[in-house]
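Chain residues, written in single-letter form:
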Amino acid sequence: MMTTLARELKSAFRIESVATVDNGVQVTWKDGHESFYHNLWLRDTCHCPECFQRDTLSLNSGEGEGHDPLKMPLNPITETVKIDREGNLDIIWGGEEPGHHSVFDPSWLRVQCQKEPALKQRRTPQLWDSSVSIPHFDYYEVMKDDEALLLWLEKMLELGVAIIDNFPKNKVSFQSLVERIGPLQQRYHPTNIFTLDTANKLAGSIHHAYQYMERLHNHTDHVSYNVPPRLKFLGCIQYDNPDHDKQAYSTLVDGFKIAEVLRAQQPKFFELLTKEYIPTGRRRLSVEENVSDREQGSKKYQWDTYHRQHVINVDENGEVYQIRHNENDRVPLDVSHDKIQDLYAAYQAFTTLAESPEYVAKFLIAPGQVLVNDNWRLLHGRTAIRNPGLRQILLGAYMKPETFRSRRRLLLGKKSGLSNIWLMGCSERALEILADRTTI
Ligand SMILES: [Fe+2]
């Protein structure tokens, strides 16, 4: 089995030769790439049953066990280094640990190479404007086919949005779609699927999102959470518009795109929104919610949040990874007097871009469609309803970032065909490379 697979591996994942060099092992690959692995790194990451528990997929690092970090020799010495019959790197250690035997899968070893250029490549999202064409997926295909599911998740990273067609217009099917990726995010009350129904006149007292007669400006959800939800699902059960125009249409804007426009046009404003705080909060008292998604009965729940957040969040490379923007959830500014005017002007510039027709896509979530958007990237809104006779019912749910990442990691791992002991602990980029390691 392993030998068949070895033949199918691309040359980058097959070892040509190995040699011991100063403090480590030099591996030459069949595609010509050369890697160096430090002996201590190799010894520390040994996956033998003594060092690594096969059932829990974690280091066996208890006192006196195979991988006790306090007993790890800082200068491990290799006795023999060779390629075994299955193409693995095979090391027998000498020195303080004579006979200790480590075997390393070559594909895994390749994506651990610090000089591997593919590992340095970052996925760059495709930025878009009002002309975006939103990718569509079929409900039944993503429900039954893992490849279709992975394609959908890839689109979520590339564009931050997708529409799932042909969803049976009920709560159970909606929940099944979300759970195809993973559990719904727990809200602050037990009901994790919420209903946006234009006929519910009381809901307007809960949040701006339910005040249908006004345009709902583009925003991201739950800006006052420490970690905002990553995916937002909105499934349409009903849309009856007597006027046949664009009332209650969805609007979306690519937050990464408008952040880059701001960075290019007004770099000082961009910087202010990445460094200064725009605090946000939410306080809901005595709001009745159902006691569960399945049971009858309601109860009053209370909630009060506050977060000192940046509108534009950048990583250590200066790349934007998260937008947090909701005009309605803003609370008093926390900025020095000498910066308040500049910060406010920056906030106005970003808010203007978020509503600019050049960047905003406008469309209907039709009955039987589920809109899924990346709430760390996209801002969403809704056009106003003028006609009280219009009826729209949407179901909504959220998903945590880890739940989304986890499903994608699992699908990439499955596609790679590697065993669990090697998949465990790989970076996302490593998993992407491994998913594409065979020639078929
Ligand atoms: Fe929202």
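So, how was this worked out
Residues numbered from 1 in each chain as written. Predicted model: local features only at pLDDT ≥ 70, side-chain atom pairs only at ≥ 80, totals over all residues. Pairing = 2+ DSSP bridges. Helix = DSSP H or I, 4+ residues; strand = E, 2+ residues; numbered from the N terminus. Axes fitted to C-alpha atoms, helices over the stretch in contact; angles between N-to-C directions. Domains from an automatic or database assignment. Parallel < 35°, antiparallel > 145°, perpendicular 65-115°, else oblique. Contact = placed C-beta atoms within 7 Å. Nonpolar A, V, L, I, M, F, W, Y, C, P; charged D, E, K, R; others polar. Buried ≥ 20, exposed ≤ 12 C-beta atoms within 10 Å, placed from the backbone.

Caption draft 1: Looking closely at the sheet that holds strand S6 (residues 78-83). Overall, antiparallel pairing links the three strands, which are arranged S6-S7-S8 in an open sheet. In this open sheet, the two strands that pair with only one neighbour each are S6 and strand S8 (101-104). Averaged over all pairs of adjacent strands, the angle between strand axes in this sheet comes to 15°, irrespective of strand direction. Across five bridges, S6 lies against strand S7 (residues 89-93) in antiparallel orientation.

Caption draft 2: Geometry of the sheet that holds strand S1 (residues 15-21). An order of S1-S2-S3 is seen for the three strands of this open sheet, with the pairing classed as antiparallel. Edge positions in the sheet fall to S1 and strand S3 (34-38), since each of these pairs with one other strand and no more. Along the sheet, successive strands turn relative to each other by an average axial angle of 20°, direction set aside. Pairing analysis gives five bridges linking strand S2 (residues 24-29) to S3, with the strands arranged antiparallel. Counterpart to Gln26 in the pairing with S3 is Phe36.

Caption draft 3: Summary view of the domain arrangement of the chain. In terms of domains, the chain is made up of domain 1 (2-121 + 412-434) and domain 2 (136-399). One C-alpha centre belongs to domain 1, the other to domain 2, and the line joining them spans 43 Å.

Caption draft 4: Structural context of the packing of helix H9 (residues 267-275) against helix H10 (residues 340-354). As a packed pair, H9 and H10 sit with axes 9 Å apart at the nearest point and diverge in direction by 100°. On the basis of their axis angle, the class for H9 and H10 is roughly perpendicular. Residues Phe269, Leu272 and Leu273 of H9 form the contact with H10, whose own contacting residues are Asp342, Leu343, Ala345, Ala346, Ala349 and Phe350. Its residues placed into classes, the contact of H9 with H10 shows eight nonpolar, no polar and one charged.

Caption draft 5: Region of interest: the pairing of S2. When S1 meets S2, the two strands line up antiparallel, connected through six bridges. Across the sheet, Ile15 pairs through a bridge with Trp29, a residue of S2. Between S1 and S2, which pair antiparallel in sequence order, lie two residues; one of them, Asn23, sits at a positive phi of approximately 65°. Connecting S2 to the antiparallel partner S3 that follows it, the hairpin turn spans four residues, and Gly32 within it adopts a positive phi of roughly 95°.

Caption draft 6: Representation of unusual backbone geometry within the structure. The backbone phi angle of Leu57 is positive, close to 55°, even though this residue is not glycine. Tracing the chain through its elements places Leu57 in the loop between strand S4 (52-53) and strand S5 (58-59). Its identity as a non-glycine residue notwithstanding, Ala248 has a phi of 60°, on the positive side. One can find Ala248 in the loop between strand S13 (231-240) and strand S14 (250-254). A count of 24 C-beta atoms within 10 Å places Ala248 in the buried class.

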